[in-house]
Amino acid sequence: MVNLGFSIGDLHFRNPVLTASGTFGYGSEFEDFMDLSRLGGIVVKGTTLEPREGNPYPRMAETPSGMLNAVGLQNKGIDYFEKNIYPRIININTNLIVNVNGSYIEDYIALAERIDKLDKIPAIELNISCPNVKMGGMAFGTNLDSAREVTREVRAVCSKKLIVKLSPNVTNIVDFARVVEEEGADSVSLINTLLGMAVDVQKMKPSLSTITGGLSGPAVKPVALRMVWQVANAVTIPVIGMGGIMTTSDALEFLMAGASAIQVGTASFIDPQASVKILDGIENYLKTKGFTDIKDIIGIINRK
Amino acid sequence: MAKCIEDLRILEKKRLNDDFFILELKGNTKIPDFKPGQFVQVRVDGSSETFLRRPISIHDVDYGKNTFKLLIQIAGTGTRTLSKLEKGDSLNIIYPLGNSFSLPDTKEQVLLVGGGCGIAPLLFLGKYLKSNGCVPDILLGFRNHSRIIEFDEYQTIGNVFVTTEDGSMGEKGYITTHSVLSTRNYHRVYCCGPDSMMKAIASYARTKNIICEVSLENLMACGIGACLCCIVDTKKGNLCTCIDGPVFNVNDLKW
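The shown structure was predicted, so the numbers you read here are calculated from the model rather than taken from an experiment.

Caption draft 1: Representation of the overall build of chain A in the model. Check the secondary structure of chain A and you find nine helices and 16 strands. The C-alpha radius of gyration computed for chain A amounts to 18 Å, which stays within 12% of the reference 19 Å derived for 304 residues, consistent with globular compactness. The principal-axis extents of the C-alpha atoms in chain A amount to approximately 55 × 50 × 40 Å. Classification of the 304 residues of chain A by burial places 61% in the buried group. Counting only carbon and sulfur atoms, one obtains 51% of the accessible surface of chain A, whose full area is about 11,800 Å². Of the side-chain charges in chain A, 29 are positive and 32 negative, and the distance between the mean point of each set is 3 Å.

The structure is reproduced here in C-alpha cells:
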C-alpha cells in the first residue's frame with residue numbers, strides 16, 4: 001500500500017493529482033470518462049464577481065507542442081455559480097477549489113467573502129496571473145506590491161485554505177512566492193500560462209483576436225519545472241506544480257523537484273482521462289521503486 | 001448518450017481525390033446511436049505539430065456493419081497526417097459529440113445545402129431524413145466536374161442539384177445562385193460549408209421566412225465544453241460549438 005496523500009495545513013488531499021482551472025470545467029464535463037472522486041482535487045473554472053463573456057473568437061491557436069488561449073475568464077459570475085453550479089457539483093467527492101479572479105482588489109475580497117460561506121469549498125486559488133484580461137489578473141501577479149496587497153486583503157476575509165496562483169511572466173518568481181507566503185498564503189500554485197503569440201501567415205493577421213495569449217502544454221514544461229524547483233527551495237508552504245504535464249513521468253519530475261502536488265491542465269483536452277492515468281502511473285512508479293509514501297520522493301533531487 | 005474514448009480500427013480507407021478521403025471505422029462494441037450533425041474528436045499522432053485533436057463530422061453510419069464513416073479534407077498538417085492512415089490502422093477518438101439537426105415534419109419540403117467539406121454531415125442527415133419519411137432535395141457546390149465527390153451516395157437519398165464554378169457539371173456559378181432556390185419552395189434548409197456560403201443561405205432563408213440550421217466548424221481544443229475556445233457569439237451570449245452546437249438555428253446567430 002502506497003500513501004499518496006498530502007496536506008495543505010489541516011486540509012487533506014487523497015492524492016497529489018489535481019486538475020487545473022480552465023481545463024476541466026466544473027468537473028461534470030469529464031464524468032463520462034472517469035470516476036471524479038479518484039482525483040485529489042478539482043480546481044474549477046475561473047470565477048469572477050460579475051458574469052464575463054470573455055474575449056472574441058478566435059481565442060485559441062495550436063502551436064508546436066502546445067496551444068495559446070485567450071479565453072479571458074468567460075464565466076457566469078458568482079451569483080450563477082452559487083445558485084446553479086455549486087449545488088450540482090457538491091456531490092463530487094473530492095476537494096473542490098474555486099479559482100478566484102478580479103479586476104480590482106475589492107473584487108477579489110468580495111468574491112473570497114462569498115466563497116468563504118460555501119461549506120463544500122475547502123480552498124480558493126487566488127488567480128493573480130491570468131494574462132488574458134485587460135484589467136486585473138496578471139497585473140496583480142507581476143507587481144510585488146500588488147501581489148502582497150491582494151494576498152493580505154483576501155487572507156483577512158478568507159478562512160479557507162488560500163492557494164495563490166503565480167505568473168511566470170516575471171523576472172524572479174521566487175520573490176512573488178516569498179511575498180505571498182509572508183502574507184499568509186497556505187500554498188502557491190505555478191505556473192499560469194506564459195504570455196505568447198502566433199501569426200496566421202495566410203490571413204496575415206494575429207492568430208488570436210487579442211493578439212497575445214497564454215501558452216500552455218509541453219512547450220512550457222521545462223520553464224515551469226525550473227520555476228517550481230526554485231520556489232520549492234525558497235518557501236516552506238506546499239507548492240503545487242503545473243505546466244505542460246502530459247504523462248506520469250512529467251508529473252514525477254515536478255514532484256521530485258519539490259512540488260507537493262501537481263495539476264493536470266492542457267493534457268485533459270487531448271486525453272480526458274490524462275489525470276487519472278497519471279495518478280495510476282505515479283502509484284505504479286512508487287510501488288515498483290519500493291516507496292511506501294509519496295513524501296519520500298517530494299524534492300528528492302534537492303536532498304544531499 | 002455517454003461520451004467515450006476508444007481506439008477504433010480502420011475497416012476501409014477510400015481516397016476520393018487529392019483533397020478528400022474517407023475512413024470507415026469499426027466499433028469495438030456496438031457503436032452509439034449517432035444523431036445527424038454529431039462529430040468525433042480524432043487524435044492525430046501526438047506529434048508536436050499536431051498537438052490537439054481534430055473535430056470531424058459523422059459522414060455516414062452503417063449499424064448493420066457496426067461502422068461509421070468520416071469524410072476528411074486535407075486542409076493542414078493534421079489532416080495530411082490522417083490521410084496517410086491505412087486500412088487496419090487504429091485511430092483514437094472521443095465520441096459521440098455535439099447536438100444534432102432538428103428533425104422536420106414528414107410533410108415538409110427540405111433542402112440540404114453543402115459546399116466543400118461541409119457536405120460531410122449532410123449524407124448521414126439525408127439518410128436519416130429519408131428513413132423517417134422525408135425525402136430532401138440536396139444542393140451541392142464544387143469548383144468543377146473533377147472535384148465532385150460522393151455524388152452517387154447523395155443520389156440515393158433525394159434529388160441532387162449541383163453547381164460548378166466553371167459549369168462543367170450542373171449549373172454554372174455558386175450554390176447561392178442556383179435556380180432551385182428561386183423555383184422551388186422549402187419549409188426548411190440545413191446547411192454546412194464555408195462561412196460566406198452559410199451566411200448567404202441564412203439570408204435566403206430569412207427572406208423566405210423558412211427555418212435554417214447551419215453546422216459550424218470553429219477551432220476547438222477539448223470538444224466537450226471545458227476549454228471554452230470554440231465559442232460562437234450568439235443572441236444568447238457566447239456558446240460553445242462543441243456542446244451547444246455544432247448545429248445552430250441561424251435566428252440565434254448574429255449573422
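Structure shown, so let's carry the discussion forward.
Caption draft 2: Local environment of unusual backbone geometry. Backbone torsion omega between Leu190(A) and Ile191(A) reads 10 degrees, so that peptide bond is classified as cis. With respect to the element layout, Ile191(A) can be found in the loop between strand S10 (187–190) and strand S11 (194–197). In this model, Tyr95(B) is joined to Pro96(B) through a cis peptide bond whose omega is -15 degrees. With respect to the element layout, Pro96(B) can be found in strand S7 (residues 90–97). Although it is not a glycine, Glu150(B) adopts a positive phi angle of roughly 60 degrees. Structurally, Glu150(B) can be placed in the loop between strand S9 (137–142) and helix H3 (151–155). Residue Glu150(B) is classed as buried on the basis of its relative accessible area of 11%.

Caption draft 3: Region of the structure containing the interface of chain A and chain B. Between chain A and chain B, the contact holds 32 residues from the first and 29 residues from the second. Carbon and sulfur atoms supply 64% of the area that chain A and chain B bury against each other, a total of about 2,500 Å² over both sides. At the boundary of chain A and chain B, one finds one salt bridge. Arg54(B) is the partner of Glu62(A) in a salt bridge, and the nearest nitrogen-oxygen pair spans 2.9 Å. Connecting chain A to chain B are nine residue pairs in polar contact (both at pLDDT 80 or more). Residue assignment for the side of chain A that touches chain B shows that the elements contributing at least two residues are strand S5 (60–63), strand S6 (66–69) and helix H8 (267–270) of chain A.

Caption draft 4: How the structure looks around helix H5 (residues 173–182) of chain A. All names here are of chain A. Those residues of H5 lying buried are Ile173, Val174, Phe176, Ala177, Val179 and Val180. The inward-facing, buried residues of H5 contact helix H3 (138–141), helix H4 (144–157), strand S9 (161–165), S10 and helix H6 (221–232). With a side-chain oxygen lying 3.1 Å from the backbone nitrogen of valine 174, the N-terminal cap of H5 falls on asparagine 172. Remark: glycine 184 follows H5 within two positions and exhibits a positive phi of approximately 100 degrees.

Caption draft 5: Fine view of the sheet that holds S11(A). Residues and elements named next belong to chain A. Strands sit in the order S5-S6-S14-S11 across an open sheet of four strands; the sheet is antiparallel. Lying at the two open borders of the sheet, with one neighbouring strand each, are S5 and S11. When the angles between neighbouring strand axes are averaged without regard to direction, this sheet yields 40 degrees.

Caption draft 6: Main features of the confidence of the model for chain B. When pLDDT is averaged along chain B, the result is 95, and 100% of the positions lie at 70 or above. Model confidence for the complex: the whole-complex pTM is 0.95, and ipTM, which rates the interface, is 0.94.

Caption draft 7: Representation of the pairing of S9(B). Residues and elements named next belong to chain B. Counting buried positions along S9 gives six out of six residues, so the element sits mostly inside the fold. The side-chain alternation of S9 yields two buried faces, one formed by Asp137, Leu139 and Gly141 and the other by Ile138, Leu140 and Phe142. Relative to S9, strand S8 (residues 110–115) runs parallel, the two being bridged by five bridges. When the bridges of S9 are listed, glycine 114 appears paired with leucine 140. With helix H2 (residues 120–131) bridging S8 and the parallel S9, this β-α-β connection has right-handed handedness. Pairing analysis gives six bridges linking S9 to strand S10 (residues 159–164), with the strands arranged parallel. For aspartate 137, the partnering residue across the bridge sits in S10 and is asparagine 159.

Caption draft 8: Quick peek at the sheet that holds S8(B). Residue and element names in this part refer to chain B. Across the sheet, seven strands lie side by side as S11-S10-S9-S8-S12-S13-S16; this open sheet has mixed pairing. If you trace the sheet from one side to the other, it starts and ends with strand S11 (171–172) and strand S16 (247–249), each paired once. Lying over the sheet, helix H5 (residues 195–208) contacts S8, strand S12 (188–192) and strand S13 (211–215), oriented at roughly 170 degrees with respect to S12.

Caption draft 9: Spatial organisation of the pattern of salt bridges. Residue and element names in this part refer to chain A. Enumeration according to the criterion identifies 25 salt bridges over all chains in this entry. For glutamate 182, the salt bridge goes to arginine 148, with nearest N and O atoms at 3.1 Å. A residue pair is termed long-range when its members are at least 10 positions apart, and glutamate 182 in helix H5 and arginine 148 in helix H4 qualify at 34 residues. Between aspartate 250 and lysine 221 there is a salt bridge, with the nearest N and O atoms lying 2.9 Å from each other. Separated by 29 residues along the polypeptide, aspartate 250 in helix H7 (residues 248–257) and lysine 221 in helix H6 bring together distant segments of the chain. Under the relative-accessibility criterion, lysine 221 is labelled buried at 13%. Ionic contacts of the salt-bridge type, sharing partners, join the residues Arg148, Arg152, Glu182 and Glu183 into one network.

Caption draft 10: Up close: the pairing of strand S14 (residues 212–216) of chain A. Residues and elements named next belong to chain A. As defined by bridge partners, S6 adjoins S14 across three bridges and the pair is classed as antiparallel. Across the sheet, the residue bridging to leucine 68 is leucine 215, located in S14. In this structure, S11 lies alongside S14, joined through four bridges in antiparallel fashion. Bridged to methionine 197 within S14 is threonine 212.

Conventions we followed
- In this convention, every chain numbers its residues from 1, walking through the sequence in written order.
- The naming scheme follows written order: chains are lettered A onward, ligands numbered 1 onward.
- Confidence filtering applies because this is a predicted model: local features only for residues at pLDDT of at least 70, side-chain atom pairs given and counted only at 80 or more, and all residues used for totals across whole chains, interfaces and linings.
- The side-chain figures draw on all heavy atoms in the structure; neither hydrogens nor water molecules are used.
- Starting at the N terminus, helices and strands are each numbered in turn, a helix being any DSSP run of H or I of at least four residues and a strand any DSSP run of E of at least two.
- Note on method: radius of gyration uses C-alpha positions; expected globular size equals 2.2 Å times residues raised to 0.38.
- Relative accessible area decides the class of each residue, using a 1.4 Å probe on protein chains only: under 20% of the type maximum gives buried, over 50% gives exposed, and in between gives partly exposed.
- Residue burial considers only the protein chains on display, and all accessible areas are found by Shrake-Rupley using a 1.4 Å probe.
- Charge assignment in this entry is limited to Lys and Arg as positive and Asp and Glu as negative, and neither His nor the chain termini are counted.
- Taken as the charge centre is NZ of Lys, CZ of Arg, CG of Asp or CD of Glu, depending on the residue.
- In what follows, a contact means two residues having at least one pair of non-hydrogen atoms within 4.5 Å.
- Buried area is understood as the total, over both parts, of accessible area removed when two parts are fitted together, assessed with a 1.4 Å probe.
- Salt bridges are defined by distance alone: a side-chain nitrogen of Lys or Arg within 4 Å of a carboxyl oxygen of Asp or Glu.
- Any N or O atom pair separated by 3.5 Å or less is treated as a polar contact, with the protein-specific requirement of one donor-capable and one acceptor-capable atom, and with residues adjacent in sequence counted only for side-chain atom pairs.
- Pairing between two strands requires that DSSP report at least two bridges joining them.
- Each axis is a line fitted through C-alpha atoms, and for a helix only the stretch in contact is used; angles between axes span 0 to 180 degrees, taken between their N-to-C directions.
- As a per-residue quantity, pLDDT reports the predictor's confidence and falls between 0 and 100.
- Consider the strands pointing away from the viewer: the crossover is right-handed when the path from the first strand over the helix to the second runs clockwise.

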